[in-house]
Amino acid sequence: MLDRLPFLIGLRYVRAKRRNHFISFISLTSMLGLTLGVAVLILVLSVMNGFDRELRERILGMVPHVQIEEAGGMTDWEPLAERLMQHEHVIGAAPYIEQQGMFSVNGHNQGGMVNGIMPDWESRVSIVDEHMQRGSLDDLKPGSWNVVLGSILARNLGVGVGDSVTLMVPEASITPGGVFPRLKRFTVSGIFSVGADLDSALAYANIKDMQTLARMGDSVGGLRLELDDLFLSGGVTQDIVNQLGQGYRGFDWTYTRGNLFQAIQMEKRMIGLLLTVIVAVAAFNIVSTLVMVVTDKHADIAILRTIGATPRSIMGIFIVQGLAIGIIGIVIGVILGIILALTVSDIIAFVENTFGIHFLDAGVYFVSELPSQLIWSDVGQIVTAAFVLTFLSTLYPAWRAARVQPAEVLRYE
């Protein structure tokens, strides 16, 4: 019976109505603090995981993992692509030409990057064909002078499929009349949308057309490679360049998007740390609750000691009471956090549609919708941290209760 004593009395103290309503208020506050702290921590980390997922799947699905270039242009690229495909981590290769330029339509001008591609090869290294709103990459026939625009770029220019746009590249043409920028009229044959900032600055054309425009002959700008693990890109790039020898250079996605990925990882760690402090504050509110309970229950403690309860049992009573308060708060917080993490995208979309508010602009941020991804290992770590903090907060009040001397208390009863 004495072995069960801490659990029976500790749980009874949790359920019992208190003569001191202030103690009940502090207990409720501690429980609510843990609930909100755990729920918000789960929600925020899920949103950060969502941003991380969107970066990997959307942006890094459009941005090449590795780019290999040859000094003076790459002419014999097909045998090289087959050779690079033999690398254990390379799962796709495709040629490309990158050309910066200025699009112009009826006085509307916007800069962008035009990628010259081979449509039947591009799906090996890019997900753009999965995000076509109108048209198809197959419409980019050699000599057609068609172009596929990002959705935001097309909207800013005020064009749709079938309209014409003029591309001005930063290379001059010398004519008898003077030096003029090189211009070419394209027909919009498709529009893509990946819900990222690439929609506002990226376009695709056939690689043959871009060779003609850039006067590159039969050479291409280089090869784009997709890897089975994008985090190996640095080592794979160095390994390939070493194998190819002098005259080749390579760079990976970390040169263009690495800072964004590192920023998201750092923000996730820092926000997690700050919110853990909030959980800690809520957990340590249990200290004040139990200290007041111990003071209120001096007579009960003294009676228990006189009938044979050990100091260890007395400590167990108040540890059980503190843990019960904490566990209730943690469980409710986990349930609330999981529900919010699974529905926050729909909630934000509902608010945007109802009130006409747009929280994320793809022209400013790299996604246009609030993403969320619940990772159960994060939930487990949050629960473990909250439980440990709750347990630590019960030790001092329980230790004080175990030091109560029955004779000193009962003398005045």
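Here, the structure is the one placed above.
Attention here is on the structure that accompanies the text.

How each quantity is defined
Residues numbered from 1 in each chain as written. Predicted model: local features only at pLDDT ≥ 70, side-chain atom pairs only at ≥ 80, totals over all residues. Heavy atoms only, no water. Helix = DSSP H or I, 4+ residues; strand = E, 2+ residues; numbered from the N terminus. Buried < 20%, exposed > 50% of the residue type's maximum accessible area, 1.4 Å probe, protein only. Contact = heavy atoms within 4.5 Å. Areas by Shrake-Rupley, 256 points an atom, 1.4 Å probe, with all protein chains shown as cover. Core = buried A, V, L, I, M, F, W, Y, C linked by side-chain atoms within 4.5 Å. Pairing = 2+ DSSP bridges. Axes fitted to C-alpha atoms, helices over the stretch in contact; angles between N-to-C directions. Left-handed = near helix turned anticlockwise from the far one by under 90°. Nonpolar A, V, L, I, M, F, W, Y, C, P; charged D, E, K, R; others polar. Patch = residues over 30% accessible without salt bridge, like charges linked within 9 Å, V, L, I, M, F, W, Y side chains within 5 Å. Salt bridge = Lys/Arg side-chain N within 4 Å of Asp/Glu carboxyl O. Lys, Arg positive; Asp, Glu negative; His and termini not counted. Charge placed at Lys NZ, Arg CZ, Asp CG, Glu CD.

### Here's the deal with the overall build of the protein chain
Next, step 1: Counting its regular elements, the protein chain contains twelve helices and ten strands.
Next, step 2: Counting all 413 residues of the protein chain, 47% fall into the buried class.
Next, step 3: Contacts spanning at least 24 positions in sequence make up 80% of the contacts within the protein chain whose residues lie at least 6 apart.
Next, step 4: When the accessible area of the protein chain is evaluated, it comes to approximately 20,700 Å², of which 58% is carbon and sulfur surface.

### Some thoughts on the nonpolar core
Considering soluble globular proteins, one finds that nonpolar side chains tend to be buried as a cluster.
Next, step 1: Counting 42 residues, the largest nonpolar core has F103, L149 and F186 as its most contacted members.
Next, step 2: No other element matches strand 2 (residues 90-105), which puts six residues into this core.
Next, step 3: Beyond its immediate chain neighbours, meaning those up to four positions away, L149 contacts F103, A154, L157, V159, V188, G190, I191, F192, L202 and A203.
Next, step 4: V128, M132, L137 and W253 belong to the second-largest nonpolar core, a separate cluster that totals 28 residues.

### With respect to the pairing of strand 1 (residues 66-70)
Next, step 1: Among the five residues in strand 1, four count as buried, and that is most of the element.
Next, step 2: Looking at chain direction, strand 1 and strand 9 (residues 222-227) are connected through three bridges and run antiparallel. When the sheet's bridge partners are listed, Q67 is paired in strand 9 with R224.
Next, step 3: With five bridges connecting them, strand 1 and strand 10 (residues 248-252) associate as antiparallel partners.

### Describing the packing of helix 9 (residues 298-306) against helix 10 (residues 311-355)
Next, step 1: Helix 10 packs onto helix 9 with a crossing angle of 140° between their chain directions and a minimal axis gap of 10 Å. For helix 9 against helix 10, the interelement crossing comes out right-handed. Contact with helix 9, carried on its side by I301, L304 and R305, involves P311, I314, I317 and F318 of helix 10 and no other residues of that element.
Next, step 2: For the contact of helix 9 with helix 10, a count of residues per class yields six nonpolar, no polar and one charged.

### Details of a negative patch on the surface
Next, step 1: On the surface, a cluster of negative charge is made up of D120, D129, E130, D138 and D139.
Next, step 2: Among the structural elements, D129 can be located in the loop between helix 4 (119-122) and strand 4 (132-134).
Next, step 3: Its relative accessible area of 37% is what places D129 among the partly exposed residues.

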